[in-house]
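The primary structure of each chain is shown beneath.
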Amino acid sequence: MNDNVSVKATVTQTSIEELEARLKTLERENRILQKQLQRSYADREQLEAATDRKETLLRNALDELQASQASLEERQAALNKLQHAQAQLVQTEKMSSLGQLVAGLAHEINNPINFIYGNLKHLQDYAEDLLETLKVYRQHAPEIDQQLLPIEPDELEFIAQDTVQILQSMQIGATRICDIVSSLRNFSRLDEAKSKEGNIHDGIDNSLMILRYRLEQNDRRPAIRVIKNYEDLPPIECCHGQLNQVFMNLLINAIDAIDLNGYDPKDCDPSEQPPQIEIQTRTIDQSEIQISISDNGPGIPEELKSRLFDPFFTTKPIGQGTGLGLAISHEIIVQQHQGAIAIDSELGRGTTFTITLPRYPTSYPSCNV
Amino acid sequence: MLKVVVGHSNDPDSGEAITDVLAQCQDQLAGDLPQAGILLAAVDFEYDLVLEAIERTYPGLELIGGTTDGEISSVMGFEQDSISLMLFCSDTVHIRAGIGKQVSHNETAAANTAIAMALGDRQLDEIQFAITLPESLTASAVVVLQALEQALQGRVPVFGGLTADQWRFKQTHQFYKTEVCTDSLPVLLFSGAIAFGYGVASGWQPIGKTGTVTKVTNNIVYEIDNRPAIEFYQTYLGNRPPSLEYPLAVYEAGNTSFYLRATSGSDRPEDGYITFFGDLPEGAIVQLTEANRNEILSASELSIKQAIERFPSTSTPQGALYFSCCARRQILGSHTKEEYSVAQACQEQPLPEMGFYTNGEISPLFETQERVCFHNETFVTLLFGEAV
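Attention in this report is confined to the structure presented alongside it. Quick caveat, the model's predicted, so the values are computed rather than measured.

**A look at the overall build of chain A**
And then number 1: Across its full length, chain A holds seven helices and seven strands.
And then number 2: Starting at the N terminus, the α and β elements of chain A follow one another as α-α-β-α-α-β-β-α-β-β-α-α-β-β.
And then number 3: Within chain A, buried positions represent 32% of all 369 residues.
And then number 4: Element-wise, carbon and sulfur atoms account for 54% of the exposed surface of chain A, whose accessible area totals about 23,600 Å².

Encoded structure:
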């Protein structure tokens, strides 16, 4: 009996100790959990504050970045504008001087050539009359002493024939000089301050006339063949002086590109295409026309295409290119005439510049380039 | 022989927690008597009670310690609101504690006192390295560490972290044997056959525009670009006060590399100036910095790998101490435990380890051979073992 009581007491005591230990453990776990809960609240608040700070920082940094990017773009745009303005100024000055030089030259040549050209007809008439008179003399006075004549009768026959040919050659030469002078005057168009309706082909032909010496054969290549595929274009309203400048720039570039090929006419492969420039014009519709100038030079590398219209960008050797030709051409076509200028180039095949022009642009700032 | 043991408890009851910690240590010590220790405690414990319990168990223990922003150990990993104790037993390594008080009043006197106490009858040349857990809020850490470096005659590498108070920036505590102190500089000096390797890395990167410090007195910056310093932060943080997780990158004249200076968080925005944990020179170029979790964890890994690489190949690491910036914990949030996991993954074998989240880290700079350097936003690793 007593043993049973003792065992029961021991068991109870053990249970109590176990329960106490369990209780102690539970109390400890409870303390830790409560503390962790408190910590969790504190951490959450800290985390929310940290997130708020991070969001604000990133938003402000992003705003600053955007502002700085916008400012960079603005500066880039201002720089581009400045470069264009500078290019325009340089080109204006250059073209103005060149125009005045050309106009002055044309004027100075015009007067003497008019004396020559205007009197050649009279000279021809006089020569014909004199030769006819001499012929009559010879027929009606054959008894004249041959010793008194300063030339032999055979020579007289030759002189009579050659005089006519010389005068014809002089007539051709004088006509050509008159054409050149006329082209120079038309090209410079200094007298035009406003846009005028006119024929684009005249401007292209004038430019070709001025560049004729560069198209001829030289020691590096044969003559450049110029192929004209002109459609019957309607007249368009434009600043002809400005457009002539564009045609001139594009034609000079085409010739320079062909010259870059280092073509040797002595080693010329007959199967190889000779150097050529093709000029094509067409009417797109009632409101637009298109002019393409193509060369079969070496072509333009892809990575350079995007920079071609940048002011002062040139691939030509120092001293040979200013880097302004295409920039100014772009300015004249796009800004002044509300047209477009595009480039299509393939390495080894050549380059085509295509100009699209409205027949009647909405406005022109000025034709004074 | 060097033996290192660690105990760690997250019981919020101070008595229960230290009992638990001491029991863990006793088990590992297996009868050996420790000569020195480091105690790390969260802010809500009854420190007197804890220190007395330790003293009762190990009378005369050369103990230093301090409050933290989170505790790390090989026993529990990362914890907050916990107590962790590391004890050192050795007959070949000699460790002694010292403390300098009222450091904000006279940092030189405090440093000299602490070093003199910790040296005892040893010569400075015998000291291998020092560990310190100084006050962070009352004095400029850079000035305090300069005083410490002077007291150690620039010969002794110093490791440690500034004591913290769980991001409250009100008051931190330092411990020396049974004393609970504030505004103090506790130091442990290690001499004898002890080898060590260390690493330090950050992960913070500059963001936004730069400014020039135009008016500064030690660690208080009054003006940046001739405008109140607070405006430099407000550009990015709006009206929120400057925060520790966005320290300034400081570029000194002609230098392309930077060091970090974190704000102490103790200023009122209306005052316009900002107090930092370390000094900034006038004329320095500053830039705000920020970090994300991945960059922080990568830097932790780098720090540990540096320490392993620099540890003498003739010896084996027997313990590790980590000092990580509280801003890292703030950004890592619930991922903070991963920082210790990264540390563990780098070790060849499990080591007794302990560390804490600090208000500023202290470690030599390997690149410049400087023995005492103050860092912000870094993870400092100290590996140690008996020298062979």
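Okay, back to it.
**Here's the deal with the sheet that holds strand β7 (residues 93-100) of chain B**
All names here are of chain B.
And then number 1: Across the sheet, six strands lie side by side as β7-β12-β8-β9-β23-β24; this open sheet has mixed pairing. Each having just a single partner strand, β7 and β24 (374-375) make up the two edges of the open sheet.
And then number 2: Pairing of strand β8 (residues 127-132) with strand β9 (residues 158-161) involves three bridges; the strand directions are parallel. Bridged to Ala130 within β9 is Val158.
And then number 3: Seen against the sheet, helix α3 (residues 107-119) touches β7, β8 and β12 (185-192) and runs at an angle of roughly 150 degrees to β7.

**Concerning the packing of aromatic side chains**
Residue and element names in this part refer to chain B.
And then number 1: Inspection of every chain in the model, using the stated rule, returns 15 aromatic pairs over all chains.
And then number 2: Each ring, one from Phe78 and one from Tyr357, has its centre 5.6 Å from the other, and the planes form 85 degrees; the classification is edge-to-face. Taken together, the residues span a long stretch of sequence, with Phe78 in strand β5 (residues 77-79) and Tyr357 in strand β22 (residues 353-358) at a distance of 279 residues. As far as the burial class goes, Phe78 and Tyr357 line up, both buried.
And then number 3: For the ring pair Trp167 and Phe169, a centre distance of 5.5 Å and an interplane angle of 55 degrees mean the geometry is tilted.
And then number 4: Classification of Trp167 as buried rests on a relative accessible area of 14%.
And then number 5: One Lys or Arg, Lys215, reaches over the ring of Tyr222 and ends 5.6 Å from the middle of that ring.

**Notes on the interface of chain B and chain A**
And then number 1: Counting residues at the interface gives 30 residues for chain B, matched by 20 residues for chain A.
And then number 2: Contact between chain B and chain A buries roughly 2,200 Å² in total, counting both sides, with carbon and sulfur atoms accounting for 46%.
And then number 3: Our count for the contact surface shared by chain B and chain A stands at eight salt bridges.
And then number 4: A salt bridge links Arg39(A) to Asp81(B), with the nearest nitrogen and oxygen atoms 2.9 Å apart.
And then number 5: If you look at where chain B meets chain A, you find 20 residue pairs in polar contact (both at pLDDT 80 or more).
And then number 6: Contributions of two or more residues to the side of chain B that touches chain A are made by α1 (14-29), β14 (205-217), α5 (229-237), β20 (285-290) and α7 (326-332) of chain B.
And then number 7: Counted by class, the side of chain B that touches chain A contains nine nonpolar, ten polar and eleven charged residues.

**Some thoughts on the nonpolar core**
And then number 1: Core analysis: the biggest nonpolar cluster contains 61 residues, and Ile115(B), Leu148(B), Leu152(B), Val187(B), Leu189(B) and Leu244(B) have the highest contact counts within it.
And then number 2: At seven residues, helix α4 (residues 141-151) of chain B tops the list of elements feeding residues into this core.
And then number 3: Residues lining this core come from more than one domain, with at least three contributed by each of domain 1 (2-201 + 295-386) and domain 2 (205-289) of chain B.
And then number 4: With residues near it in sequence (within four places) discarded, Ile115(B) still touches Leu124(B), Leu148(B), Ala151(B), Leu152(B), Val187(B) and Leu189(B).
And then number 5: Judged by nonpolar contacts, the second largest core, of 35 residues, contains Cys238(A), Ile255(A), Leu308(A) and Ile332(A).

**Digging into the packing of α3(B) against α4(B)**
Residues and elements named next belong to chain B.
And then number 1: Between α3 and α4, the shortest axis-to-axis distance is 8 Å and the interhelical angle comes to 45 degrees. In this view, α3 runs oblique relative to α4, as classed from their interaxial angle. Crossing hand, α3 versus α4: right-handed. In this structure, α3 contributes Glu107, Thr108, Ala111, Asn112 and Ile115 to the contact, and α4 contributes Val143, Val144, Ala147, Leu148 and Ala151.
And then number 2: Taken together, the residues of the contact of α3 with α4 sort by class into seven nonpolar, two polar and one charged.

**As for the pattern of salt bridges**
And then number 1: Scanning all chains against the criterion turns up 26 salt bridges over all chains.
And then number 2: Measuring nitrogen to oxygen at the nearest pair gives 3.8 Å for the salt bridge that ties Glu48(A) to Arg44(A). Of the two residues, Glu48(A) and Arg44(A) are both situated in helix α1 (residues 2-140); the distance of four residues between them amounts to about one turn of the helix.
And then number 3: In this structure Glu48(A) comes out as partly exposed when scored by relative accessible area, which is 49%.
And then number 4: With a closest N to O distance of 3.8 Å, Arg168(B) and Asp44(B) form a salt bridge. With Arg168(B) in the loop between β9 and β10 (174-176) and Asp44(B) in the loop between β2 (36-41) and α2 (47-57), this residue pair connects regions lying 124 residues apart in the sequence.
And then number 5: Judged by its relative accessible area of 43%, Arg168(B) falls in the partly exposed class.
And then number 6: A network of salt bridges, in which partner residues are shared, links Arg214(A), Arg220(A), Arg221(A), Asp256(A) and Asp259(A).

**Some details on the packing of helix α6 (residues 293-310) of chain B against helix α8 (residues 336-346) of chain B**
Residues and elements named next belong to chain B.
And then number 1: Where α6 meets α8, the closest approach of the two axes is 9 Å, and the angle between their N-to-C directions is 30 degrees. For the element pair α6 / α8, the angle class is roughly parallel. Between α6 and α8 the crossing geometry is right-handed. Residue-level contacts link Ile296, Leu297, Ser300, Glu301, Ile304, Lys305 and Ile308 of α6 to Glu338, Glu339, Val342, Ala343 and Cys346 of α8.

**A word on unusual backbone geometry**
When glycine is set aside, most residues are seen to have a negative phi, and most peptide bonds are trans.
Residue and element names in this part refer to chain B.
And then number 1: In this model, Lys177 sits at a positive phi of 50 degrees, which is unusual for a non-glycine residue.
And then number 2: Within the secondary structure, Lys177 sits in the loop between β10 and β11 (179-181).
And then number 3: Here Lys177 falls in the partly exposed class, since its relative accessible area comes to 27%.
And then number 4: In this structure, Asn218 takes a positive phi of about 50 degrees despite not being glycine.
And then number 5: As for its position among the elements, Asn218 is in the loop between β14 and β15 (220-224).

**Details of the side chain of Asp295(A)**
Residues and elements named next belong to chain A.
And then number 1: Mapped onto the elements of the fold, Asp295 is located in strand β5 (residues 288-295).
And then number 2: The class for Asp295 is buried, based on a relative accessible area of 9%.
And then number 3: Polar contacts involving the side chain of Asp295 include one to the main-chain amide nitrogen of Gly297, which spans 2.7 Å.
And then number 4: Apart from the residues within four sequence positions on either side, Asp295 is in contact with Ala254, Ala257, Ile258, Gln276, Arg349, Gly350 and Thr351.

**Here we look at the side chain of Asp69(B)**
All names here are of chain B.
And then number 1: Along the chain, the position of Asp69 falls in the loop between β3 (62-67) and β4 (71-73).
And then number 2: Side-chain polar atoms of Asp69 contact the backbone nitrogen of Gln166, separated by 3.4 Å.
And then number 3: A polar side-chain atom of Asp69 sits 3.1 Å from the main-chain amide nitrogen of Trp167.
And then number 4: In contact with Asp69, other than residues within four places in its own chain, are Gln80, Ala164, Gln166, Trp167, Cys326, Arg329 and Tyr357.

**Some details on the pairing of β15(B)**
Residue and element names in this part refer to chain B.
And then number 1: Of the pairings in the sheet, the one linking β14 to β15 comprises four bridges and is antiparallel in character. Directly across from Val213, in β15, lies its bridge partner Ile224.
And then number 2: Hairpin connection of β14 to β15: two residues between the antiparallel strands, including Asn218 at a positive phi of 50 degrees.
And then number 3: Pairing analysis gives two bridges linking β15 to strand β19 (residues 274-275), with the strands arranged antiparallel. Across the sheet, the residue bridging to Val221 is Ile274, located in β19.

Cut-offs and rules
Residues numbered from 1 in each chain as written. Chains lettered and ligands numbered in written order. Predicted model: local features only at pLDDT ≥ 70, side-chain atom pairs only at ≥ 80, totals over all residues. Heavy atoms only, no water. Helix = DSSP H or I, 4+ residues; strand = E, 2+ residues; numbered from the N terminus. Buried < 20%, exposed > 50% of the residue type's maximum accessible area, 1.4 Å probe, protein only. Areas by Shrake-Rupley, 256 points an atom, 1.4 Å probe, with all protein chains shown as cover. Pairing = 2+ DSSP bridges. Contact = heavy atoms within 4.5 Å. Axes fitted to C-alpha atoms, helices over the stretch in contact; angles between N-to-C directions. Phe/Tyr/Trp six-rings, centres within 6.5 Å; stacked < 30°, edge-to-face > 60°. Lys NZ or Arg CZ within 6 Å of the ring centre and 35° of its normal. Buried area = accessible area lost by both parts, 1.4 Å probe. Salt bridge = Lys/Arg side-chain N within 4 Å of Asp/Glu carboxyl O. Polar contact = N/O pair within 3.5 Å; in protein donor to acceptor, adjacent residues only side chain to side chain. Nonpolar A, V, L, I, M, F, W, Y, C, P; charged D, E, K, R; others polar. Core = buried A, V, L, I, M, F, W, Y, C linked by side-chain atoms within 4.5 Å. Domains from an automatic or database assignment. Parallel < 35°, antiparallel > 145°, perpendicular 65-115°, else oblique. Left-handed = near helix turned anticlockwise from the far one by under 90°.

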